[in-house]
Amino acid sequence: MIISSLDKPLARNLYEQILRTYLFEENLHLLYRKGELMGGLYTGSGNEGVAVASTIMLIEGDVIAPSHRGIGAHFVRGETFRGMMLQLMAKAEGGTKGRDNAAHQGSMKRGILGMISHLAVMPANAMGCALAHKIKKNGNVALGFIGEGSTSLGDFHETLNMAAVLKLPFVMIIENNQWAYSTSTKYQYACKQLSDRALGYGIPGFTIDGTDAELVYQTVNEAVVRARAGQGPTLIEAVTMRLRGHSAADMAEYVPKEVLEEWKEKLPHKLYRDKLMARGWWSEQEDQALVAKISTEIDEAVAYAKNAADPEPWSGLDGVYAD
Ligand SMILES: Cc1ncc(C[n+]2csc(CCOP(=O)(O)OP(=O)(O)O)c2C)c(N)n1
């Protein structure tokens, strides 16, 4: 694998996007505790480096199917704080017009497949888009995201097999955050690492540190370049740690405290900020200014969404029946 390096503007942008996602999601947990959000809350805490760094190189026409940990991917593809907040507060102006919560909204314009809860189904849909790309010869790619727990479902295998056999422009990214609700990896799979399965499909597979944003970028970028060049799919396993419970309602008492403490030292945005500062590409002053700017933007989004209209009850019938 050839590792391409990031230039300074791209590296700074990558950091900014990860920080935006981290601060937004941290705010969501406060809003949830205050009862300001509708329904459950699922965030990518610890996983934001993967969501952002694996989508930042994509171009118009590419398609992604982010998981419930992938709010950052929505932001990278153009979603605003305001748009996401409207969705999470289930407002009429939100992506699903108040019909669903979480980041379950899609966008044709942004090439985002709206997530449904049934696990392992979304990568299969992304693979279908990769097939369409291949038929249309448009040079676009599709990325499917999946948790390590969901790799135990049949759809995961069927998707990778079909993508491999048809040499589709597809990348499967496993977000291995080591816990599938309360099930640890020990009870999930018996292979050493999930990328070992790539061999069985006849495609390249890589296991990488998912907290290293630059490494995630480089590995996925290489896979995307291969896919665009007609060289078929890649399986990438990015290892992180779920730093919070499965949802905001889950205190994750079943995860050993010392393991969580160890991984909390590896927050992707902190690691990357240190790297950029060491290179002289980022400064403390710039960081403070950016945090202040992002916080203001979040506050504005919260204020707007709180005052936005709730859906009219009868609007639930819109779009259900054909005329
Ligand atoms: C087919 C299916 N089975 C069970 C569930 C309930 N469920 C939702 S998330 C989840 C855990 C998923 O773990 P993983 O795939 O590792 O992703 P993570 O949440 O850890 O990021 C489960 C069991 C579901 N949504 N769909």
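To be clear, the structure that these remarks concern was listed above.
Our subject in this report is the structure included herewith. Here the structure is a predicted model, which is why all the values come from computation and not from measurement. (Residues numbered from 1 in each chain as written. Predicted model: local features only at pLDDT ≥ 70, side-chain atom pairs only at ≥ 80, totals over all residues. Heavy atoms only, no water.)

1. Considerations on helix α11 (residues 284–307)
To keep it simple, the criterion reads: In DSSP terms, a helix is any run of H or I states spanning at least four residues, a strand is any run of E spanning at least two, and both are numbered starting from the N terminus. Any helix carries an expected span of 1.5 Å times its number of residues minus one. The rule is simple: take the accessible area with a 1.4 Å probe, protein chains only, and divide by the maximum for that residue type; under 20% is buried, over 50% is exposed, in between is partly exposed. Residue contacts are counted whenever heavy atoms from the two residues lie within 4.5 Å of one another.
Between its first and last C-alpha atoms α11 spans 35 Å; for 24 residues at 1.5 Å apiece the expected length is 34 Å, and the two agree. Every buried residue of α11 is accounted for by D287, L290, I294, I298, A301, V302 and A305. Buried positions along α11 lie against α1 (8–33), α4 (81–88) and α10 (268–279).

2. Remarks on the site of the ligand
How we decide: Near is defined per residue: the residue qualifies when any heavy atom it owns lies within 4 Å of the molecule or strand. In protein, a polar contact means a hydrogen-donor-capable atom and an acceptor-capable atom, both N or O and within 3.5 Å, with residues adjacent in sequence counting only if both atoms are side-chain atoms; elsewhere, any N or O pair within 3.5 Å suffices. Per-residue accessibility takes into account occlusion by the displayed protein chains alone, with areas from the Shrake-Rupley method and a 1.4 Å probe. Every definition here rests on a 1 Å grid over the protein atoms only: cavities are sets of points where a 1.4 Å probe fits but cannot get out, pockets are open sets enclosed by protein on both sides within 12 Å along at least five of seven lines, and lining residues have some atom within 4 Å of a point. The rule for placing a molecule in a cavity or pocket is simple: more than half of its atoms must lie within 2 Å of the grid points. Amino acids are sorted into nonpolar (Ala, Val, Leu, Ile, Met, Phe, Trp, Tyr, Cys and Pro), charged (Asp, Glu, Lys and Arg) and polar (every other residue, Gly among them).
In the vicinity of the ligand lie 14 residues, with H68, S117, G149, S150 and W179 positioned nearest. Between H68 and the ligand, the recorded distance is 2.7 Å, taken from a side-chain N or O atom to an oxygen atom. Here an oxygen atom of the ligand sits 3.2 Å away from a polar atom, N or O, in the side chain of E148. Protein coverage of the free-state accessible area of the ligand, which is 590 Å², stands at 69%. Placement of the ligand is best described as lying within the largest pocket. Here the residues of the shell around the ligand are counted per class, giving four nonpolar, eight polar and two charged.

3. Focus: empty space enclosed by the protein
Here the idea is plain: a probe the size of a water molecule rolls over the atoms and shows the empty space left. Under the convention used in this document: Grid points are joined across faces, edges and corners, and a volume is the space filled by probe spheres set on the points.
In total, this model carries two cavities of 30 Å³ or more according to the counting rule given. Taken as a whole, the largest cavity holds about 100 Å³ of empty space. Contributing to the lining of the largest cavity are 14 residues, with S67, M115, L119, A120 and F145 lying nearest its centre. Where the lining of the largest cavity is concerned, the elements lending two or more residues are α5 (121–136) and β2 (142–147). Looking at side-chain class alone, the lining of the largest cavity contains nine nonpolar, five polar and no charged residues. Of the volumes computed, that of the second largest cavity is approximately 30 Å³. Lining the second largest cavity are G46, T211, M241, L243, W263, K266, L267 and P268. A breakdown of the residues in the lining of the second largest cavity according to their chemical character gives five nonpolar, two polar and one charged.

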